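Residue strings, one per chain:
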Amino acid sequence: MSGLFRKFSWWLQRRRKEDELRKELQFHLAEEAAERHAGGLSEEQARWAARRDLGNVTRLQEDTRSLWSWILLEQLAQDVRYGARLLRKSPGFTFAAVMSLALGIGANTAIFSLINAALLKSLPVREPERLIELLTDPANGQPFNAFSYPAFVHFRDHATAVDGIIASHSSRFYVATDNTPADFGSGQYVSGNFFPVLGVTAASGRTIGPSDDRPAAEPVAVLSHGYWHRRFGVDPLVVGRRLTVDDHVFTVVGITPPSFRGTHVGREVDFWIPLSAEPLLRKESWMPRAGPKWLQLLARVNSEHSFEEARAELQTMFQTGVIEAELGLQKDPKPDHPARRWRLAVEPARAGLSSVRHQYGEPLLVLLIVSGIVLVIACVNVANLLLARASVRRHEIAMRLSLGGAPSRIVRQLLTESMLLASAGAVLGVAFAFLGSRYLLGFFATSRTPLVLDVGPDVRVLTFATALAIATGLLFGLAPAWRTTADAPGASLFGSGRVQSNRERRVLSRLLIGAQVALSVIMLFCGGLFLRSLHNIRSIDTGFDSHSVLLISTDPSRSRLTVEGQRNALREALTRVSAIPGVQAASLSDVTPIEGGGTMLTFELRGTDGVVREGRSLYVAWVSPNYFATMDTPIHAGRDFSWRDAAGGPKVAIVNQTLARQYFGDKNAIGARVGSKGGTTYEIIGVVGDAKYLELRETAPPTLYLHGFQQQGVSNQFAIRVEGPPMSIAAAARDTIRQAAPSIPVTTIRSLQDQVNASIARERMLAALSGFFAGLGLILATLGIYGVMAYSVARRTGEIGIRIALGAKQSQIRRMVVREALALTAGGIAAGMIAALLISRAIASLLFALTPTDPLTIGAVVVIMVLTGLAAAYLPSRRAAQLDPAVALRNE
Amino acid sequence: MPEKPSPRVELLRGTLDLLIMRTLLPGPSHGHAIAKHIQRTSEDLLQVETGSLYPALYRLEAKGWIAASWELSDKGKRARYYRITPAGRKQLVAEQSKWDAFARAMGLLLRPAE
């Protein structure tokens, strides 16, 4: 029987063992007494002598008991029970502490779960740590993962250090099933070895294999688990069904497991089709061409080679086989061709393609730091609450110390209480985080490139939360625990020395409050700057009115109509949409404001005075009649486009004020001509107000508007000005368009306001989150100041009683308390403001039309903080002023 | 106040285990008897503290060197009797030779002339 096993079996029957020991000791006593009695002592004396001889029985039992008990564990259980009982007894304190921690831990965990989902989680594939990503490093910018098909073939056929190179390319397709109408879906071309190399097997049916990725192979598709749910309603017989992708029929051969969502974290994939289907779907295939860089490449390093060897091999192949080959194809390769500076970069791809990491890594880390500050404030808060409580428990602790309790044992017990608080905070915090991370994701989902992430808590997130709980428990628990036991027990018990230890504790708690106020000031200041910055962006004069405008995009190129047919169908649709009740104006255009894209062209401008100027990089927009009415952009001179212009009239153009001023000065722009060198020329018929084009932050660029129905292409975006909320007529407008132009698919529907908001998603996120965190910090600071003031008043009850008894007025007492609170706050404000001004320089680049030393923000922060101090002092000061001197003095 | 010289010797650390096992070598005995035996055999020079005797007994039992059972004492009372196990005998031999070597070394160093 091994020692540990015996110990465990003794522990199981520990009651019996203790009973045994007691009986054994009784026997010992009886024997000893009998012996002494025989030695001549009286029976009574003999019993006492035996008892004395035995010594400290409790100690003996304790020593023996340690043989069958796990002392630490049992004491821990004891501490936990005791701590829980104490916390239950003071619900106010417990609530304040647990909530502080829950908010702090919750904020951090929420942000961490986003970081985890976007940056840390491994792909659910075989040996993800052996995956690498191939990137072209252009030497003067961000490396990008995009390669031509010939480059992919070269890598695939020659690399020896890898077990396979896989290629993929995402695209939007117009997808119909046998019983649902066509709709847009995100598909991904993949090479035939994509699934085998990743080691992903189908949840149902099979995946795409090398035999599917051949010219003339039967077109097949594999559905993602999510798409199977959304689009096919979990149809169990989906394998074998038809999927019509851009008018070509594919056979569904399988469904991927729910965990696999592609290699590009953050981007949703609905279905996968073989790369060999690309020539079928694209009018002019990119496969034979070295120009288009469209494939994302991943490779799996094989077990015989290291990461470094694979990198070296691929880099050599890239220089010789890819770049040189591509330059060799050109008739006259320039010696300074930028491709000569390109190098191959290789990155680990355990967590998938890197573009999401590059895009969101930094903002997420900044947010983690901000939420970290919130957690520190929360810890300071709880430490302060514990300090205040420690004074209440001074007698209890002193009693325990003087009865022989080891200080280390008492510190352990106090720390257990802190840990209990931290654990409760963590549990609640994880719940907050779960809700919060969904809310956070909303910010990313409304940006221009929506991010789709699985932010559910996993082992890593829970480990993070647990580590936070332990760290915070130590952080806020250690100092108070140490302070509490550092008092000499006698002094505390008998009241002398109280002054000394109190002063120390008060200094400590004041320092903590000062730090808390300072941190709050920093957060308030940053939050204020971000809010002001957002407000500045929001109040930019855009030159159009984004309220009440609905945008509906269509894709006429998907229809089989001629360009003329597309144009007629859309014009018919526009006429019908304009007739919908509630529609004030409607128009078609190629590009809508703040969409983030557009056209820039160079034109020649010939003024009415005959002077010709070259207009470089003019922004061009093709718009239909009524566009300016729809956008509420004023026409300052001349007229709007008309439908008569469209019917074979002379080519016309409208310019904005900036263009008119830049190129025609104070002369009249109307009647001037604009045109491409040797091409069509347009007569300028109107001048409209400036409007933002690509971005809200830019100054309105010189913009040339051309008639959308006088061009080669087709204006495909409906803009509809509505009375009331724009989405209210979304369904009616969509149906009207579908009826008038049944073959032209509707791609997206959104309000112009949403489109504008999407362009400032980062600003909105920064303002909302920093504002939220600042508010959180402020609440915590208020609680902190209140706690210290309340404690201070309670401690000075006697003194205040004497003051009142000696004739101090209520108002004087109140002023005394308030002055103390303000003094406490003022120090924190001063320190925080200095730090905030230093820190704010770092965020200057994130601010719009705002200096980081914005006086308005500084003033607001100071006022808010002072008001906070006053508010926190209100209740304690009232309590102090209303003290009954008789009662107060009796207590003392 | 100068300390009175005590006729008794303090037990050296670790020697109590050795003494208990040696006491049990002739046959089983209960705790009180073990203490008395050590005391008497050492001509009252060694006093076994009850506070350390019982924890030591349980410790030795936990290690498997001695075993215990409830039996009737010579006076007809139920007492916990300890007996040495084969593992305990082995341990005793090892400890004893270690002790012998230590005692010899101490003797040589403290009384080099003799």
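Computed from a prediction, not measured in an experiment: that's the story for all the values here.

Colleague: Which parts of the structure should I look at to understand the overall build of chain A?
Modeller: Scanning chain A from N- to C-terminus turns up 28 helices and 21 strands. Relative to its length of 892 residues, chain A is extended, with a C-alpha radius of gyration of 38 Å against a globular reference of 29 Å. In chain A, which comprises 892 residues, the share counted as buried stands at 41%. Restricting to contacts in chain A with at least 6 residues of sequence separation, those with at least 24 account for 82%.

Colleague: Honestly, the overall build of chain B in this entry has me stumped. Any pointers?
Modeller: For chain B, the count of helices and strands is 4 helices and 3 strands. Ordering the α and β elements of chain B from the N terminus gives α-β-α-α-β-β-α. In chain B, which comprises 114 residues, the proportion classed as buried is 26%. Long-range pairs, those at least 24 residues apart, make up 49% of the contacts in chain B between residues at least 6 apart in sequence.

Colleague: Honestly, the pairing of strand E9 (residues 296-301) of chain A in this entry has me stumped. Any pointers?
Modeller: The side chains of a regular strand alternate, residue by residue, between the two faces of the sheet. Residue and element names in this part refer to chain A. For E9, a buried count of 6 out of 6 residues is recorded, marking the element as mostly surrounded by other parts of the structure. Taking every second residue as pointing to the same face, both faces of E9 are buried, with Gln 296, Leu 298 and Arg 300 on one and Leu 297, Ala 299 and Val 301 on the other. Summarising the sheet, strand E1 (residues 131-137) and E9 pair through 3 bridges and their orientation is antiparallel. Paired with Leu 131 across the two strands is Arg 300, which belongs to E9. For strand E2 (residues 162-177) and E9, the ladder comprises 5 bridges, and the chain directions are antiparallel. By the bridge assignment for E9, Ala 167 is matched with Leu 297.

Colleague: Is there a simple way to think about the packing of helix H18 (residues 563-578) of chain A against helix H22 (residues 730-740) of chain A in this case?
Modeller: In a packed pair of helices, the relevant descriptors are the angle between the two axes and the axis-to-axis distance. Residues and elements named next belong to chain A. Running from N to C, H18 and H22 cross one another at 145°; their axes reach a closest spacing of 8 Å. The two elements H18 and H22 cross, and the hand of that crossing is right-handed. Contact residues: Ala 569, Glu 572, Ala 573, Arg 576 and Val 577 in H18; Ala 733, Thr 736, Ile 737 and Ala 740 in H22. Of the residues contributing to the contact of H18 with H22, the split by class is 6 nonpolar, 1 polar and 2 charged.

Colleague: What's the story with the interface of chain B and chain A in this structure? I'm lost.
Modeller: The figure often quoted for interface size is the accessible area lost as the parts come together. Tallying the contact residues gives 15 residues for chain B and 20 residues for chain A. Considering each element in turn, the side of chain B that touches chain A owes the most residues, 8 residues, to helix H3 (residues 50-63) of chain B. Here the side of chain B that touches chain A is built from residues that sort into 5 nonpolar, 5 polar and 5 charged.

Colleague: I tried to follow the confidence of the model for chain B on my own but got confused; where do I start?
Modeller: Predicted coordinates in areas of low pLDDT are best not read in detail. All names here are of chain B. Summary statistics for chain B give a mean pLDDT of 82 and a share of 87% for residues scoring 70 or more. For residues 1-5, every residue scores under 50 in pLDDT, and the model assigns this stretch 0 contacts once sequence neighbours within four places are set aside. Listed scores for the predicted complex are pTM 0.71 and ipTM 0.83.

Colleague: What is the right way to look at the domain arrangement of chain A in this model?
Modeller: According to the domain assignment, chain A contains domain 1 (3-69), domain 2 (70-121 + 358-496), domain 3 (128-350), domain 4 (497-542 + 761-892) and domain 5 (549-759). The C-alpha centroid of domain 5 of chain A is placed 37 Å from the C-alpha centroid of domain 3 of chain A.

Colleague: Help me understand the sheet that holds strand E2 (residues 66-72) of chain B in this model?
Modeller: Strand pairs in the sheet, formed through backbone hydrogen bonds, run parallel or antiparallel to each other. Residue and element names in this part refer to chain B. Strand order in the open sheet formed by 3 strands is E1-E3-E2, and the pairing between neighbours is antiparallel. Because the sheet does not close on itself, it has two edges, and the strands there are strand E1 (29-30) and E2. In this sheet, strand E3 (residues 78-84) lies alongside E1 in antiparallel orientation, the contact comprising 2 bridges. Its bridge partner lying in E3, His 30 is registered against Tyr 81. Helix H1 (residues 15-24) rests against E1, E2 and E3 of the sheet, and its axis sits at about 100° to E3.

Colleague: I would appreciate a short explanation of the nonpolar core in the present structure.
Modeller: Soluble globular proteins: nonpolar side chains tend toward being buried together. Residue and element names in this part refer to chain A. By size, the foremost hydrophobic cluster in this structure holds 170 residues, and its most contacted members are Ala 221, Leu 297, Val 382 and Val 521. Top element by residues in this core is helix H12 (residues 355-392). It accounts for 18 residues. Not counting residues up to four positions away in its chain, the partners in contact with Ala 221 are Leu 243, Phe 250, Val 252, Phe 271, Trp 272 and Ile 273. Listed in part, the 58 residues of the second largest apolar core include Val 577, Tyr 619, Val 688 and Val 714.

Colleague: Which parts of the structure should I look at to understand unusual backbone geometry?
Modeller: Note: most residues except glycine have negative phi, and most peptide bonds are trans. Even without a glycine there, the phi angle at A:Ser548 is positive, about 60°. Inspection of the secondary structure puts A:Ser548 in the loop between helix H17 (498-538) and strand E11 (549-554). A positive phi angle, near 55°, is found at B:Glu43, a position not held by glycine. Given 8 C-beta atoms within 10 Å, B:Glu43 falls into the exposed group.

Colleague: Would you take a moment to explain the environment of A:Gly209 for this structure?
Modeller: All names here are of chain A. Within the secondary structure, Gly 209 is located in the loop between strand E4 (204-205) and strand E5 (220-223). Put simply, Gly 209 and Pro 274 are 65 residues apart on the chain and 8.5 Å apart in space, counted from C-alpha to C-alpha. Setting aside chain neighbours within four positions, we find Gly 209 in contact with Gly 192 and Pro 196.

Colleague: When you look at the packing of helix H4 (residues 57-65) of chain A against H3(B) in this model, what are you seeing that I'm missing?
Modeller: Two elements in contact, H4(A) and H3(B), have axes separated by 9 Å at closest approach and are oriented at 20°. On the basis of the axis angle, H4(A) is roughly parallel to H3(B). Seen from above, H4(A) lies across H3(B) with right-handed handedness. Packed against H4(A), whose contacting residues are A:Arg59, A:Leu60, A:Asp63 and A:Thr64, the element H3(B) presents B:Thr50, B:Gly51, B:Tyr54, B:Pro55 and B:Tyr58 at the interface. Each residue belonging to the contact of H4(A) with H3(B) can be placed in one class, and the counts come to 4 nonpolar, 3 polar and 2 charged.

Colleague: I'm lost on helix H21 (residues 657-664) of chain A in this one. Help?
Modeller: One turn of the α-helix equals 3.6 residues, which is why residues spaced by three or four share an orientation. Residue and element names in this part refer to chain A. Restricting attention to buried positions, one finds in H21 the residues Gln 657, Leu 659, Ala 660, Tyr 663 and Phe 664. Projected down its long axis, H21 shows its buried positions confined to an angular sector of 165°, all on one face. Those residues of H21 that are buried are in contact with strand E13 (599-606), strand E14 (612-623), strand E15 (635-638), strand E16 (652-656), strand E18 (681-688) and strand E19 (703-707). At the C-terminal side of H21, Gly 665 shows a positive phi close to 55°.

Colleague: Would you mind going over H18(A) with me for this structure?
Modeller: Residues and elements named next belong to chain A. For H18, built from 16 residues, the straight-helix expectation of 22 Å at 1.5 Å per residue is met to within 8% by its first-to-last C-alpha distance of 22 Å. Within H18 the residues assigned to the buried category are Gln 566, Arg 567, Ala 569, Leu 570, Ala 573, Leu 574 and Val 577. Each buried residue of H18 lies within a common arc of 165° when the element is viewed along its axis, so the set occupies one face. Of the surrounding elements, those touching the buried residues of H18 are E11, strand E12 (583-589), strand E20 (717-722) and H22.

Colleague: Explain the pairing of E20(A) here, please?
Modeller: Residue and element names in this part refer to chain A. Among the 6 residues of E20, 6 are classified as buried, and the element is accordingly described as predominantly covered. Neither face of E20 is exposed, since Gln 717, Ala 719 and Arg 721 on one face and Phe 718, Ile 720 and Val 722 on the opposite face are all buried. Relative to E20, E11 runs antiparallel, the two sharing 5 bridges. Residue pairing for E20: Val 549 is matched across the bridge by Arg 721. Here 6 bridges tie E12 to E20, and the two strands are oriented antiparallel to one another. Paired with Ser 589 across the bridge in E20 is Gln 717.

Colleague: Mind showing me how you'd approach the confidence of the model for chain A here?
Modeller: Here chain A averages 86 in pLDDT, while 96% of its residues score no lower than 70. Low pLDDT, under 50, characterises residues 495-500 of chain A; the stretch is placed with 4 contacts to residues that sit more than four places away or in other chains.

Criteria and thresholds
Residues numbered from 1 in each chain as written. Chains lettered and ligands numbered in written order. Predicted model: local features only at pLDDT ≥ 70, side-chain atom pairs only at ≥ 80, totals over all residues. Helix = DSSP H or I, 4+ residues; strand = E, 2+ residues; numbered from the N terminus. Rg over C-alpha atoms; globule rule 2.2 N^0.38 Å. Buried ≥ 20, exposed ≤ 12 C-beta atoms within 10 Å, placed from the backbone. Contact = placed C-beta atoms within 7 Å. Pairing = 2+ DSSP bridges. Axes fitted to C-alpha atoms, helices over the stretch in contact; angles between N-to-C directions. Left-handed = near helix turned anticlockwise from the far one by under 90°. Nonpolar A, V, L, I, M, F, W, Y, C, P; charged D, E, K, R; others polar. pLDDT = per-residue confidence, 0-100. Domains from an automatic or database assignment. Core = buried A, V, L, I, M, F, W, Y, C linked by C-beta atoms within 7 Å. Parallel < 35°, antiparallel > 145°, perpendicular 65-115°, else oblique. Arc of directions from axis to C-beta. Expected span 1.5 Å × (residues − 1).

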